[in-house]
Amino acid sequence: VSMNGGIPRSDTLNSTSSTSTQRKKREHAKKPVQCTTTVIRAPRVLFCLRLGNPIRMAAIAIVEWKPFDIFILLAIFANCVALGVAKPFPEDDSNPTNHALERVEYVFMVIFTIETFLKILAYGLILHPNAYIRSGWNLLDFVIVIVGFVHPLLSCLLTFSCATSSFFINTSCPFLPFQGYSVRVVKTI
């Protein structure tokens, strides 16, 4: 009942506000987003693998598979835990835990190398706009994998002897083709 002489007033004010509220809700409602963007891939990877190549198709399927991403994230987490558990000792002293963790580091290096290799096969290395190296995170991964190979290869290939000022090639390295031979390279500088 309104104050206008007992005549019930219509709810035009309320109906207008409800209409305008409904209109505002419709205007600001989330509109369905249609996914029209498709991933543009390099027509060739490493100058030889086309999009239809079964090796490349398998690499794409693996790197875009969600469990693969989860596995890599878990490997990164486990690697961080392993690095946190290691206790550095002075003058190359160590303990059995550190020796085990050094071996585990090689396992992580293999996992991350396989990930890098698969992503390069899937996306290309650098020439395409969506290539592996063009992503900042992938570039960081690539640099970490390359740096991870520097120490084992250098320690495997060369051992520096301060007493004689010469380099000795470590012939027990499994990467070298001339295992078992004694090779000495004299430092020239």
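Residues numbered from 1 in each chain as written. Predicted model: local features only at pLDDT ≥ 70, side-chain atom pairs only at ≥ 80, totals over all residues. Heavy atoms only, no water.

As annotated in an unreviewed UniProt entry, the protein chain is Calcium channel, voltage-dependent, L type, alpha 1F subunit a from Paramormyrops kingsleyae. Word for word, the UniProt comment on the protein chain under Subcellular location (unreviewed entry) is "Membrane". (UniProt positions renumbered as here; feature names shortened; annotations may be inferred.)

J.: Any chance you could explain the side chain of N98 here in plain terms?
T.: Structurally, N98 is set in helix α4 (residues 96-123). Judged by its relative accessible area of 9%, N98 is buried. Contacts of N98, omitting those with residues within four sequence positions, involve A86, K87, P88 and F89. (Helix = DSSP H or I, 4+ residues; strand = E, 2+ residues; numbered from the N terminus. Buried < 20%, exposed > 50% of the residue type's maximum accessible area, 1.4 Å probe, protein only. Contact = heavy atoms within 4.5 Å.)

J.: Sorry if this is basic, but what is going on with the packing of aromatic side chains here?
T.: In this description, an aromatic ring pair is defined by two values, namely the gap between the centres and the angle between the planes. Applying the stated criterion across every chain yields a total of two aromatic pairs. Taken together, a centroid distance of 6.4 Å and an interplanar angle of 20° make the contact between F108 and F112 stacked. Of this pair, F108 and F112 both sit in helix α4, four residues apart, roughly one helical turn. (Phe/Tyr/Trp six-rings, centres within 6.5 Å; stacked < 30°, edge-to-face > 60°.)

J.: What is the right way to read a nonpolar patch on the surface from this model?
T.: Together, I146, F149, V150, L153, L154, L157 and L158 give the surface a local cluster of nonpolar side chains, amounting to about 540 Å² of exposed area. Per element, the largest residue contribution to the nonpolar patch is six residues, and it comes from helix α5 (residues 136-157). Along the chain, the position of L157 falls in helix α5. (Patch = residues over 30% accessible without salt bridge, like charges linked within 9 Å, V, L, I, M, F, W, Y side chains within 5 Å. Areas by Shrake-Rupley, 256 points an atom, 1.4 Å probe, with all protein chains shown as cover. Salt bridge = Lys/Arg side-chain N within 4 Å of Asp/Glu carboxyl O.)

J.: How should I be thinking about the pattern of salt bridges in this particular structure?
T.: Close approach of charged atoms allows side chains of opposite charge to pair. Enumeration over the complete set of coordinates arrives at two salt bridges. A salt bridge links E64 to R41; its shortest N-O distance comes to 2.9 Å. Of this pair, E64 sits in the loop between α2 (54-63) and α3 (66-85) while R41 sits in the loop between α1 (12-28) and β1 (44-45), and the two are 23 residues apart along the sequence. According to the relative accessible area criterion, E64 is partly exposed, its value standing at 41%. Judged by its relative accessible area of 21%, R41 falls in the partly exposed class. One salt bridge connects K119 with E115, and the closest N-O pair in it is separated by 3.2 Å. With K119 and E115 both in helix α4 and four residues apart, this pair spans about one turn of that helix.

J.: For this particular structure, what's the right way to read α3?
T.: An α-helical segment advances 3.6 residues per turn. Residues three or four places apart therefore align on the same side. In this model α3 runs 29 Å from its N-terminal to its C-terminal C-alpha over 20 residues, within 8% of the 28 Å that 1.5 Å per residue would give. Within α3, burial applies to F68, I72, A75, N79 and A82. Buried residues of α3 fall within an arc of 80° about the axis and therefore sit on the same side. α3 presents K66, L73, L74, F77 and G84 as exposed residues on the side facing more than 90 degrees away from its buried surface. Tucked into the core, α3 has its buried residues touching α2 and α4. (Expected span 1.5 Å × (residues − 1). Arc of directions from axis to C-beta.)

J.: I keep staring at α2 and nothing clicks. Help me out?
T.: Inspection of α2 places R56, A59, I60 and V63 among the buried residues, and these make up the whole buried set. Buried residues in α2, looked at end-on, bunch into an arc of 100°, giving them a common side. Those residues of α2 hidden inside the fold are in contact with β1, β2 (49-50), α3 and α4. At the N-terminal boundary of α2, the capping side chain belongs to N53, with an oxygen 2.8 Å from the backbone nitrogen of I55. (Polar contact = N/O pair within 3.5 Å; in protein donor to acceptor, adjacent residues only side chain to side chain.)

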